[in-house]
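Survey of secondary and tertiary structure
What follows is the residue order along each chain.
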Amino acid sequence: MSATEEVDASTAVGKLTRGMLMELAAFESDRSGEQWAEAYHNRLARGLPPFGAQYFGYVRRGRQPHPLDPKRTLRNPADGEERYVPDIGSGAAEALAG
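Residues numbered from 1 in each chain as written. Predicted model: local features only at pLDDT ≥ 70, side-chain atom pairs only at ≥ 80, totals over all residues. Heavy atoms only, no water.

A few points about the overall build of the protein
Spelled out, the test is: By definition, any uninterrupted DSSP run of H or I lasting at least four residues is a helix, any uninterrupted run of E lasting at least two residues is a strand, and each is numbered from the N terminus. Relative accessible area decides the class of each residue, using a 1.4 Å probe on protein chains only: under 20% of the type maximum gives buried, over 50% gives exposed, and in between gives partly exposed. Contacts were defined at the residue level, with two residues in contact if any of their heavy atoms lie within 4.5 Å. Residue burial considers only the protein chains on display, and all accessible areas are found by Shrake-Rupley using a 1.4 Å probe.
In terms of helices and strands, the protein carries two helices and four strands. N-terminal to C-terminal, the α/β element order of the protein is α-β-β-β-β-α. When burial is assessed residue by residue, the protein has 16% of its 98 residues classed as buried. Across the protein, the fraction of contacts at a sequence separation of at least 24, relative to all contacts at a separation of at least 6, is 32%. Accessible area for the protein stands at about 7700 Å²; split by element, carbon and sulfur atoms hold 57% of it.

Here we look at a nonpolar patch on the surface
In plain terms, the rule: Nonpolar side chains (Val, Leu, Ile, Met, Phe, Trp, Tyr) within 5 Å and like charges within 9 Å form the patches, drawn only from residues with over 30% relative accessible area and no salt bridge. In the sections that follow, a salt bridge refers to a side-chain nitrogen of Lys or Arg positioned within 4 Å of a carboxyl oxygen of Asp or Glu.
Judged by side-chain polarity, Tyr40, Leu44 and Phe51 come together as a nonpolar surface patch covering roughly 330 Å² of accessible area. Along the polypeptide, Phe51 turns up in the loop between α1 (12–45) and β1 (58–61).

Concerning the side chain of Glu82
In plain terms, the rule: Polar contact is defined as a pair of N or O atoms within 3.5 Å, subject to the rule that within protein one atom must be able to donate a hydrogen and the other to accept it, and that residues adjacent in sequence are counted only when both atoms are side-chain atoms.
Checked against the element boundaries, Glu82 lands in the loop between β3 (73–75) and β4 (83–86). Of note is the side chain of Glu82, whose polar atom sits 2.8 Å from the side chain of Arg46. Among the polar contacts made by the side chain of Glu82, one reaches the side chain of Arg60 at a distance of 2.5 Å. Setting aside residues up to four positions removed in sequence, Glu82 forms contacts with Arg46, Leu48, Arg60, Arg61, Gly62 and Arg63.

Let's talk about the confidence of the model for the protein
What counts, and what does not: Note: pLDDT gives the predictor's confidence per residue, expressed from 0 to 100.
Per-residue confidence for the protein averages 81 on the pLDDT scale, and 87% of its residues sit at or above 70. Mean pLDDT values over the elements of the protein span from 72, in helix α2 (residues 92–97), up to 88, in β3.

Some remarks on the environment of Glu6
Structurally, Glu6 can be placed in the segment before α1. For Glu6, a relative accessible area of 72% puts it in the exposed group. Taking the C-alpha atoms as reference points, Glu6 and Arg18, separated by 12 residues in sequence, lie 8.6 Å from one another.

Laid out in C-alpha cells, this is it:
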C-alpha cells in the first residue's frame, strides 16, 4: 500500500493506515531533504561544485573512473584530496580567463 492509494477512512483500520502512510511519506520527504542539504553543504565546504557538475576550465583530481560503471567515479587516494585544478592542457583555462 502506498501513500497515494485510496484507503477506506470510514473504518478504524482505514483511519490508522491512512495516518501512518501520510506520516511515513512526510518523514521520507524530510529525511531526503536533510540528506541533500548535508551533501550540498559538504561539497561547498570542500570547494567543490554543490551539485556535482564539473567547472568549465578545470580538471577534477582525486577521483578515478569506476571499474563497472562509466558514469561514476571513486576516490583515488594516490591523487590526494578531491579538488579542481585549472585545465592548462586543453586551453579551457585560458578561454575562461579571457
